[in-house]
Amino acid sequence: MDVEETMKRINSHKGVLGIIIVNNDGIPIRTTLDAQVTVQYAALVTHLASKARSVVRKLDEQNDLHFLRIRSKKHEIMVAPDNEYVLIVVQNPNAI
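Below or above, wherever it landed, is the structure these notes cover. (Residues numbered from 1 in each chain as written. Predicted model: local features only at pLDDT ≥ 70, side-chain atom pairs only at ≥ 80, totals over all residues. Heavy atoms only, no water.)

Attention now goes to the overall build of the chain. Along the backbone of the chain there are two helices and five strands. What you see in the chain, going N to C, is helices and strands ordered as α-β-β-α-β-β-β. Over its C-alpha atoms the chain spans a radius of gyration of 13 Å, differing by no more than 12% from the 12 Å that the globule rule assigns to 96 residues. In terms of overall dimensions, the chain has C-alpha extents of about 35 × 30 × 25 Å along its principal axes. Within the chain, buried positions represent 34% of all 96 residues. (Helix = DSSP H or I, 4+ residues; strand = E, 2+ residues; numbered from the N terminus. Rg over C-alpha atoms; globule rule 2.2 N^0.38 Å. Buried < 20%, exposed > 50% of the residue type's maximum accessible area, 1.4 Å probe, protein only.)

Taken in spatial order, the five strands make up an open sheet running β2-β1-β5-β4-β3, and their pairing is antiparallel. Each edge of the open sheet carries a strand with a single partner, namely β2 (28-31) and β3 (68-71). For this sheet the average axis-to-axis angle between neighbouring strands, irrespective of direction, equals 15 degrees. Here six bridges tie strand β4 (residues 76-81) to strand β5 (residues 85-91), and the two strands are oriented antiparallel to one another. Paired with V79 across the strands is I88, a residue of β5. Against the sheet, helix α1 (residues 3-11) engages β1 (16-23), β2 and β5, with an angle of about 150 degrees to β1. With respect to the sheet, helix α2 (residues 35-59) is in contact with β1, β2, β3, β4 and β5, its orientation differing from that of β4 by roughly 60 degrees. (Pairing = 2+ DSSP bridges. Axes fitted to C-alpha atoms, helices over the stretch in contact; angles between N-to-C directions. Contact = heavy atoms within 4.5 Å.)

Let's shift gears to the pairing of β5. Within a regular beta strand, the side chains point alternately toward one face of the sheet and then the other, so they alternate between its two faces. Counting buried positions over the seven residues of β5 gives five, a clear majority of the element. Sheet analysis places β1 next to β5, joined by seven bridges and oriented antiparallel. The partner of G18 across the bridge, within β5, is V90. What sits between the antiparallel neighbours β4 and β5 is a turn of three residues.

Moving on, we get to the nonpolar core. Counting 15 residues, the largest nonpolar core has I20, V22, Y41, V45, I77, V79 and I88 as the members making the most contacts within it. Contributions of two or more residues to this core are made by β1, α2, β4 and β5. For this core, the element with the most residues is α2, which contributes five residues. Dropping the residues within four chain positions of it, V45 is found in contact with I77, V79 and I88. Counting residues in each nonpolar core, the second largest holds seven residues, with I10, I19, M78 and V89 among its members. (Core = buried A, V, L, I, M, F, W, Y, C linked by side-chain atoms within 4.5 Å.)

In this section: the pattern of salt bridges. Oppositely charged side chains can pair when the atoms bearing their charge come close. Inspection of every chain in the model, using the stated rule, returns four salt bridges. When the shortest N-O distance is used, the salt bridge between E4 and R30 registers 2.3 Å. Separated by 26 residues along the polypeptide, E4 in helix α1 and R30 in strand β2 bring together distant segments of the chain. R69 is the partner of E76 in a salt bridge, and the nearest nitrogen-oxygen pair spans 2.6 Å. (Salt bridge = Lys/Arg side-chain N within 4 Å of Asp/Glu carboxyl O.)

Right under this line is the structure:
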């Protein structure tokens, strides 16, 4: 499946505010959000996902982080790290 098609499919879900794909250095590759918001989310979420992955590995060296979900009053951030990229989806949890 094509990356653009996948992003359109995810973005069509109710409550989705934006999607960001970043490389492992935290550099945005694709996004549906404006540049300033993209850079902020990319830097902060990539750092958090790296820390979360480190915690999982310290608890069990044979384990790895597959998915991270953060929910606040205003937003829900879903993070799916992969070997080369990190997928970040921001949504309104009250719209679901």
